[in-house]
Amino acid sequence: MALRALPMRAMKTALLVIDLQRDFCPGGALAVPEGDAIVPGVNALMHDFAEVVLTQDWHPAGHSSFASAHPGKAPFDTVAMDYGPQVLWPDHCVQGSAGAAFHPDLDTTRANLVIRKGSNPAIDSYSAFFENDRTTPTGLHGYLGERGITDLVLVGLALDFCVQYSALDAARLGYRVRVRRDLTRAIDLDGSCAAAQAAMRAAGVALG
Ligand code: VGL
Ligand code: ZN
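Remember, it's a predicted structure, so these values are computed and weren't measured experimentally.

**Overview of the coordination of the zinc ion (ligand 2)**
Then, in step 1: Coordination of the zinc ion (ligand 2) by the protein comes from D57 (OD), H59 (NE2) and H92 (NE2), over a distance range of 2.0 to 2.2 Å.
Then, in step 2: Note that the zinc ion (ligand 2) binds four donor atoms; their angles at the metal cover 88 to 169°, and the shape is irregular.
Then, in step 3: Sequence spacing among the residues donating to the zinc ion (ligand 2) works out to D-x1-H-x32-H. Of this pair, D57 sits in strand β2 (residues 51-57) while H92 sits in the loop between β4 (84-87) and β5 (113-117), and the two are 35 residues apart along the sequence. Each member of the pair, D57 together with H92, is buried.

This is the structure we're talking about:
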């Protein structure tokens, strides 16, 4: 594809593609309904951005967010962790596994950076910016700041978990944030999809 000149505003805007991995797509360990349906649209959108960052959920085996690490607990139960309530998940996105790979049709060639998160065995990490203690940084904010990025567009999986947490942290950090709702899909546990959208709107995140 030919190089396109980008307007100045576009130079200050990064596209964040959240967790578009096999395990979050139909057939995967923690499949988000229609998760794979967004791949063509995400690939097309990447061409409008000079700065594309991908995130990858990347857990060690036996991670504390896995129900299998908590005797007597089942996937989608909630437990209390030091840092607050934690939903327990099926084992997913284990480092180096096939399920942790990006969706095979995702065009990763234009990504400048891949942020891997959730590697600390004791803390889950939904957000691209902080672990779930909301204080341990991933380094993404430093990277974007050094690159002069002020605006973010978010797409990916899942709307009500990693996309939501990333968008709320980004807004808190002072970025202008838009979530392309059509290029996300939700897990939707007990109304979490509607709640996530309300929380993002309340935080000043543009949805659409
Ligand atoms: C995610 C649950 C557990 C996500 C990651 O990418 O939204 N959800 N790990
Ligand atoms: Zn995870």
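**Some remarks on helix α4 (residues 159-172)**
Then, in step 1: Within α4, eleven of the 14 residues are buried, which leaves the element mostly enclosed by the surrounding structure.
Then, in step 2: All of the buried residues in α4 are L159, D160, F161, C162, V163, Q164, S166, A167, L168, D169 and A170.
Then, in step 3: Elements that come into contact with the buried residues of α4 comprise β1 (13-18), β4, β5, β6 (151-157), β7 (176-185) and α5 (192-202).
Then, in step 4: Downstream of α4 by a residue or two, G174 has a phi angle that is positive, lying close to 100°.

**Focus: the sheet that holds β1**
In sheet architecture, strand pairing relies on hydrogen bonds along the backbone and comes in two forms, parallel and antiparallel.
Then, in step 1: Judged by pairing direction, the sheet is parallel, and its six strands sit side by side in the order β5-β2-β1-β6-β7-β8 without closing on themselves. This sheet does not close on itself; its edge strands, each paired only once, are β5 and β8 (206-207).
Then, in step 2: Pairing of β1 with β6 involves six bridges; the strand directions are parallel. Residue pairing in the sheet places V17 in a bridge with V155 of β6.

**Examining the pairing of β1**
Then, in step 1: Counting buried residues in β1 gives six out of six residues, a clear majority hidden from the surface.
Then, in step 2: Where burial is concerned, the two faces of β1 agree: the one with T13, L15 and V17 and the one with A14, L16 and I18 are both buried.
Then, in step 3: The pairing of β1 with β2 spans four bridges and is parallel. Looking at β2, one finds that V17 is bridged to L54.
Then, in step 4: Handedness of the crossover joining β1 and β2 through helix α2 (residues 39-45): right-handed.

What counts and what doesn't
- Residues numbered from 1 in each chain as written.
- Chains lettered and ligands numbered in written order.
- Predicted model: local features only at pLDDT ≥ 70, side-chain atom pairs only at ≥ 80, totals over all residues.
- Heavy atoms only, no water.
- Donors = N, O, S within 2.8 Å, 3.2 Å for Na, K, Ca; no water.
- Tetrahedral: all angles 85-135°; square planar, octahedral: opposite > 155°, others 65-115°.
- Helix = DSSP H or I, 4+ residues; strand = E, 2+ residues; numbered from the N terminus.
- Buried < 20%, exposed > 50% of the residue type's maximum accessible area, 1.4 Å probe, protein only.
- Contact = heavy atoms within 4.5 Å.
- Pairing = 2+ DSSP bridges.
- Right-handed = clockwise from strand over helix to strand, strands pointing away.

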